[in-house]
Amino acid sequence: MRKVVLSFVITLVVVIVFAYGGWRSLQSYLDTPLNLTQPRIVMVESGSSFNRVARRLAADGVMEKPDWFAFFVRIKKAGHLLKAGEYELVPGTTPKTLLAQLIAGKIITYNFSIIEGSTFSQLREQLKANEQIKFTLENQSDAQLMAYLGLEGQHPEGMFLADTYQFHRGMSDFDLLKRANALLLSELDKAWQERAKELPYTSAYEALIMASIVEKETALSSERPSIAGVFVQRLNKGMKLQTDPTVIYGMGDRYKGNIRRADLRRPTPYNTYTISGLPPTPIAMVGREAILAALHPEKGKWLYFVAKGDGSHQFSATLAEHNRAVKQYQLKRRSDYRSSPDQ
């Protein structure tokens, strides 16, 4: 009987020793960095398993003992927690931290910026050129695209907020546009509710049109309320806006870099030298600052402005003052003249 008990004890001790040794080996394995000398991108497709990910890393020479990794996943009962996406593995990543990263879904995030003052056609080209975005709208006309977004009958210009959007690889152009439109409407509605009094707009959309003109006229944040103030003053006095960016937009493909006198006389729905009031739609994408400027314009006596050639503008209250400014800054342009400020 004693021999049986002794034999059992010895066997139990051996099992415990081996189990302890195996556990220590597993822990050592889990805390040993993967074979990475530089960051590596790993794409985990929807429906993948931890086992598949481990074997792919093993085949690439990144992970040793993929079965041990799979065993650890089973111990943690984490097999159903894998999140699809694009992951960056950096030197120092261990099997343990890799599992935590895959469970947490710490996916690579990209940025996409809709540029203030850009047009919708430029935005479409920008989306198409982005390799991380899934391009799905290539064969859609502007009208079809807007209907697809639930905005049937609406003009696309200005309907997507100029901002920077974070996204993961594979996000569709449709989803990004949907987000940008929703944010635009939210920001516009909020600003409209808090607008200044006695503005010459009948709707938030008219304010958006004004914001787009302001956006195209200046890239200086400090000048946006002043530019908006000039245009609001002119509208209130029944004066034509006479702003070149609207003329350029109305010219479309006919614009080759210069506006001639004939272009200023040629009627289009957007030529504010020939029409009264605002053009029918925005002429560009706008950011928050332009929206706020349109709805909180600077109150002043200015009715005119002209580019000074350093990216800023000279404001004038009378036509005589304006003509003198035009002579100073436009007819005798400086050698380093530029219409936009240095970035």
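It should be emphasised that the depicted structure is a prediction, and the values quoted were computed from it without experimental measurement.

Let's talk about the packing of aromatic side chains
- Applying the stated criterion across every chain yields a total of 8 aromatic pairs.
- On the numbers, 5.4 Å between centres and 15° between planes, the contact of phenylalanine 120 with phenylalanine 160 is stacked. With phenylalanine 120 in helix α5 (residues 120-129) and phenylalanine 160 in the loop between α6 (142-148) and β4 (164-167), the pair connects residues that are 40 residues apart, well separated along the chain.
- According to the relative accessible area criterion, phenylalanine 160 is buried, its value standing at 0%.
- Linked through ring pairs, Phe231, Phe305 and Phe315 together constitute an aromatic cluster.
- The positively charged end of lysine 65 is found above the aromatic ring belonging to tryptophan 68, 4.2 Å away from the centroid.
- Here arginine 195 stacks its cationic end above the ring of tryptophan 192, 3.8 Å away from the centre of that ring.

A word on the environment of tyrosine 29
- Relative to the assigned elements, tyrosine 29 resides in helix α1 (residues 2-30).
- A relative accessible area of 9% means that tyrosine 29 is categorised as buried.
- Note: C-alpha distance between tyrosine 29 and lysine 65 (36 residues apart in sequence) is 8.6 Å.
- Of note is the side chain of tyrosine 29, whose polar atom sits 3.0 Å from the backbone oxygen of lysine 65.

A word on the pattern of salt bridges
- Under the criterion given, the structure shown has 15 salt bridges.
- Note that glutamate 116 is salt-bridged to arginine 224, the shortest N-O span being 3.4 Å. Separated by 108 residues along the polypeptide, glutamate 116 in the loop between β3 (110-113) and α5 and arginine 224 in helix α9 (residues 224-236) bring together distant segments of the chain.
- Under the relative-accessibility criterion, glutamate 116 is labelled partly exposed at 41%.
- The closest approach of N and O atoms between glutamate 289 and arginine 224, which form a salt bridge, is 2.4 Å. Highlighted residues: glutamate 289 in helix α12 (residues 288-295) and arginine 224 in helix α9, separated in sequence by 65 residues.

Considering the nonpolar core
- Within the largest apolar cluster, 57 residues are counted, with the highest numbers of intra-cluster contacts made by Ile114, Leu123, Phe160, Tyr201, Met210 and Ile291.
- Those elements giving two or more residues to this core turn out to be β3, α5, α6, β4, α7 (173-193), α8 (204-217), α9 and α12.

Describing unusual backbone geometry
- Positive phi, close to 55°, is recorded for lysine 77, a residue that is not glycine.
- Structurally, lysine 77 is set in the loop between α3 (66-76) and β2 (85-89).
- Taking the relative accessible area as the measure of exposure, lysine 77 reaches 67% and is therefore exposed.

Observations concerning the packing of α8 against α12
- Contact geometry for α8 and α12: axes closest at 8 Å, N-to-C directions at 115°. Where α8 crosses over α12, the handedness of that crossing is right-handed. On α12, the residues that touch Ala207, Met210, Ala211 and Glu215 of α8 are Ala290, Ile291, Ala294 and Leu295.
- Class assignment of the residues belonging to the contact of α8 with α12 gives a composition of 7 nonpolar, no polar and 1 charged.

Considerations on the confidence of the model for the protein chain
- Scored by pLDDT, the protein chain has a mean of 87; 90% of the residues are at 70 or more.
- Taken element by element, the protein chain is modelled with least confidence in α1, mean pLDDT 56, and with most confidence in α12, mean pLDDT 97.
- Note on residues 8-20: pLDDT is under 50 here. Beyond four places in sequence and across chains, it has 0 contacts.

Brief notes about the packing of α7 against α12
- Two elements in contact, α7 and α12, have axes whose closest approach is 10 Å; the angle formed by their N-to-C orientations is 30°. What the angle tells us is that α7 and α12 run roughly parallel. The hand of the α7/α12 crossing is right-handed. Facing α7, whose interface residues are Leu183, Leu184, Glu187, Leu188, Ala191 and Trp192, α12 presents Arg288, Ile291, Leu292 and Leu295.

The rules behind these values
Residues numbered from 1 in each chain as written. Predicted model: local features only at pLDDT ≥ 70, side-chain atom pairs only at ≥ 80, totals over all residues. Heavy atoms only, no water. Phe/Tyr/Trp six-rings, centres within 6.5 Å; stacked < 30°, edge-to-face > 60°. Helix = DSSP H or I, 4+ residues; strand = E, 2+ residues; numbered from the N terminus. Buried < 20%, exposed > 50% of the residue type's maximum accessible area, 1.4 Å probe, protein only. Lys NZ or Arg CZ within 6 Å of the ring centre and 35° of its normal. Polar contact = N/O pair within 3.5 Å; in protein donor to acceptor, adjacent residues only side chain to side chain. Salt bridge = Lys/Arg side-chain N within 4 Å of Asp/Glu carboxyl O. Core = buried A, V, L, I, M, F, W, Y, C linked by side-chain atoms within 4.5 Å. Axes fitted to C-alpha atoms, helices over the stretch in contact; angles between N-to-C directions. Left-handed = near helix turned anticlockwise from the far one by under 90°. Contact = heavy atoms within 4.5 Å. Nonpolar A, V, L, I, M, F, W, Y, C, P; charged D, E, K, R; others polar. pLDDT = per-residue confidence, 0-100. Parallel < 35°, antiparallel > 145°, perpendicular 65-115°, else oblique.

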